[in-house]
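As a plain string of letters, each chain reads:
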Amino acid sequence: MLSDNGFIVDDCINERAYLEYQFKKTQFSSSSLSVTIAPTLSCNYKCPYCYESSRDGFLNEEGYRAIAAFIEDEIRERRFTKLQINWYGGEPLLAFSQIRNWSERFIEICAREKVDYCAHIITNGSLLTEEIISEFAKCKITNAQITLDGWGDLHDKRRPAKNGMKFFEQTLANITRLSEAGIEVSIRMNVDKINIRDYDAIADYFSENPRVNVHVGHLLEYETLPDSFSCFTCEEFAQEELDIFLRTGYTHDDLDQIFQNRFVFCGACSENSYVIDEQCNVYKCWNDIGNDDAIIFNLKEPSETRIVNYAALLRYMDWNPLRDKLCSECVWLPICGGGCVFESQRMKRRFCYPPTYVGMKYLELYLKEVTGNEDFEEGHKA
């Protein structure tokens, strides 16, 4: 039984080689094309922890045509079966008329090429209106991520609007409107040691709404933050996330999700994943957007003469956790995938999949669920 379920393996099987094979297979998968588009880096907020290089300007018609041509060429050449568009920013709703018009174009391309189309948007939620929400269906935007960084005034202080308005109550109402329109909403709460106390209030508020999910994100310091912020270490954040997991209730499926294979940590290390800004610059990682040295190429340049910045590209595409000493020897590598390349290479700090920092505690919960044995107490060596 242990052999059938992979707990013990034949001596001739090299498990690291198997993981490397799965890593490469996932990294170069050609089933789906993922394109993140930031139609503007402008925003109506001025969050002190924002890592982006803010600048004025919007993606113009020439830029959209270049993106559409790029997508069409990629689909025809690589025969993808799915196109995923992620609308990003800045605040993408500042350019919603363009999003609406060009979503129709992308959908037409996919219909013609017999490719599935889906779209997602990351927005602060303050600019949503009934009219915009009603247009989401035409754009095939089925999921929205909205950040709430606390309850009431705390949110408005941490995510202040440039015009001085307070948007917390309006954003709460807009999330409910989205869910009522059939849009799945993922509420991200960027937490530190101060605002973590407000998680329960937000989660409780939406606890009866099946289309709204509330989760925590690790607030990290990219620039010097005001004294009103106090960031967790990775280990501290992982423990807080586990405490929420225990406090809010979990299912067997939730634990399965924790322990699912994660051969590649994120799309930045996948060949068929691109991030495009309002000037048609192409990057691999969302965190790099607006940074000139991370630009891989520009879509307005003819493909036959396009100059590729291989140094920027290979920061991600040459990353292999099996070649990293710490990752290759880590028992949690199959569910982590090597962690965030941006953090380890650009920020010079490790950022692993959070559950791995408290992995044994999750494993004890899992063993209790699958065995029905409550004797697996904390500290038990599985």
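Residues numbered from 1 in each chain as written. Predicted model: local features only at pLDDT ≥ 70, side-chain atom pairs only at ≥ 80, totals over all residues. Heavy atoms only, no water.

Chemist: Could you give an account of helix H6 (residues 168-180), with specific residues and numbers?
Modeler: In this model H6 runs 19 Å from its N-terminal to its C-terminal C-alpha over 13 residues, within 8% of the 18 Å that 1.5 Å per residue would give. Along H6, the residues that are buried comprise Phe168, Thr171, Leu172, Asn174, Ile175, Leu178 and Ser179. Along the long axis of H6, the arc covered by the buried residues comes to 165°, so they all point the same way. Exposed positions of H6 whose direction lies more than 90 degrees from the buried face are Glu169 and Glu180. For H6, the elements touching its buried residues are helix H4 (130-136), strand E4 (141-147), helix H5 (153-158), strand E5 (184-191), helix H7 (199-205) and strand E6 (212-218). Among the residues trailing H6, glycine 182 stands out with phi positive, at a value near 90°. (Helix = DSSP H or I, 4+ residues; strand = E, 2+ residues; numbered from the N terminus. Expected span 1.5 Å × (residues − 1). Buried < 20%, exposed > 50% of the residue type's maximum accessible area, 1.4 Å probe, protein only. Arc of directions from axis to C-beta. Contact = heavy atoms within 4.5 Å.)

Chemist: Just give me the short version of the nonpolar core, but keep the residues and values in it.
Modeler: Inside soluble globular proteins, nonpolar side chains tend to come together where they are buried. Of all hydrophobic cores here, the largest spans 66 residues; its most connected members are Ile85, Trp87, Phe106 and Phe136. In contact with isoleucine 85, other than residues within four places in its own chain, are Val35, Ile37, Ile71, Phe106, Tyr117, Cys118, Ala119 and His120. If you look at the next biggest cluster of nonpolar residues, it comprises 32 residues, including Ile258, Ala268, Cys336 and Phe342. (Core = buried A, V, L, I, M, F, W, Y, C linked by side-chain atoms within 4.5 Å.)

Chemist: How would you explain the packing of aromatic side chains if you had to name every residue and give the values?
Modeler: Scanning the entire structure with this criterion turns up 17 aromatic pairs. A network of ring pairs unites the aromatic residues Tyr64, Trp87, Trp102 and Phe106 as a single cluster. The residue whose ring lies beneath lysine 284 is tyrosine 274, and the NZ or CZ to ring-centre distance is 5.1 Å. Across from the ring centre of tyrosine 222, 5.3 Å away, lies the NZ or CZ of arginine 349, which sits over that ring. (Phe/Tyr/Trp six-rings, centres within 6.5 Å; stacked < 30°, edge-to-face > 60°. Lys NZ or Arg CZ within 6 Å of the ring centre and 35° of its normal.)

Chemist: Provide a residue-level description of the pattern of salt bridges, including the pertinent values.
Modeler: In total, this model carries 22 salt bridges according to the counting rule given. Residues arginine 76 and glutamate 113 are paired through a salt bridge, measuring 2.9 Å at the closest nitrogen-oxygen approach. Placement of the pair is arginine 76 in helix H2 (residues 61-78) and glutamate 113 in helix H3 (residues 96-113), with a sequence separation of 37 residues. For arginine 76, a relative accessible area of 45% corresponds to the partly exposed category. Ionic pairing is found between arginine 79 and glutamate 113, a salt bridge with its closest N-O pair at 3.8 Å. Of this pair, arginine 79 sits in the loop between H2 and strand E2 (82-87) while glutamate 113 sits in helix H3, and the two are 34 residues apart along the sequence. (Salt bridge = Lys/Arg side-chain N within 4 Å of Asp/Glu carboxyl O.)

Chemist: Kindly report on the side chain of serine 328, identifying the contributing residues and their values.
Modeler: When you line up the elements, serine 328 lands in helix H11 (residues 325-328). Within the structure, the side chain of serine 328 is placed 3.1 Å from the backbone oxygen of lysine 325, a separation counted as a polar contact. Not counting residues within four places of it along the chain, the set of residues in contact with serine 328 comprises Arg16, Pro321, Leu322 and Leu333. (Polar contact = N/O pair within 3.5 Å; in protein donor to acceptor, adjacent residues only side chain to side chain.)

Chemist: Explain the state of the cysteines to me, using residue names and the numbers behind them.
Modeler: Tallied over the entire structure, the rule returns zero disulfides. Looking at cysteine 269, it has no disulfide partner, and the nearest cysteine sulfur is the one in cysteine 266, 5.5 Å off. The exposure class of cysteine 269 is buried, given its relative accessible area of 3%. The thiol sulfur of cysteine 327 is not disulfide-bonded, and the nearest other cysteine sulfur, from cysteine 352, lies at 6.2 Å. (Disulfide = S-S within 2.5 Å.)

Chemist: How would you sum up the pairing of strand E1 (residues 32-37)? Please name residues and give values.
Modeler: In summary, the side chains of a regular strand alternate between the two faces of the sheet. For E1, a buried count of five out of six residues is recorded, marking the element as mostly surrounded by other parts of the structure. For E1 and E2, the ladder comprises six bridges, and the chain directions are parallel. What sits directly across from threonine 36, in E2, is asparagine 86. With H2 bridging E1 and the parallel E2, this β-α-β connection has right-handed handedness. Two strands pair when backbone bridges link them, and E1 and strand E7 (residues 273-276) are joined in this way by four bridges, in the parallel orientation. Across the sheet, isoleucine 37 pairs through a bridge with isoleucine 276, a residue of E7. (Pairing = 2+ DSSP bridges. Right-handed = clockwise from strand over helix to strand, strands pointing away.)

Chemist: An account of the packing of H2 against H3 is requested, with residue identities and associated values reported.
Modeler: Orientation of H2 relative to H3, taken along the N-to-C sense of each, is 20°, at an axis distance of 11 Å. Viewed along their axes, H2 and H3 adopt a mutual orientation that is roughly parallel. Our pair here, H2 against H3, has a crossing hand that is right-handed. On H3, the residues that touch Glu61, Tyr64, Arg65, Ile67, Ala68, Ile71, Glu72, Ile75 and Arg76 of H2 are Gln98, Ile99, Trp102, Arg105, Phe106, Ile109, Cys110, Arg112 and Glu113. Considered class by class, the residues forming the contact of H2 with H3 number ten nonpolar, one polar and seven charged. (Axes fitted to C-alpha atoms, helices over the stretch in contact; angles between N-to-C directions. Parallel < 35°, antiparallel > 145°, perpendicular 65-115°, else oblique. Left-handed = near helix turned anticlockwise from the far one by under 90°. Nonpolar A, V, L, I, M, F, W, Y, C, P; charged D, E, K, R; others polar.)

Chemist: Which residues make up unusual backbone geometry, and what are the values?
Modeler: For the bond from glycine 89 to glycine 90, the omega torsion is 20°, close enough to zero to count as cis. Not every positive phi belongs to a glycine, and arginine 79 is a case in point at roughly 55°. One non-glycine residue with positive phi stands out, namely lysine 348, at about 60°. Within the secondary structure layout, lysine 348 lies in the loop between helix H13 (341-346) and helix H14 (359-371). Among the residues examined, lysine 348 registers a relative accessible area of 68% and is labelled exposed.

Chemist: Describe the sheet that holds E7, with residues and values.
Modeler: The sheet built from nine strands is open, its strands ordered E6-E5-E4-E3-E2-E1-E7-E8-E9 with mixed pairing. Every other strand in the sheet has two partners, leaving E6 and strand E9 (297-298) as the edge strands with one partner each. Judged from the six bridges that link them, E2 and strand E3 (residues 116-123) form a sheet pairing that is parallel. Along E3, the bridge assignment pairs lysine 82 with aspartate 116.

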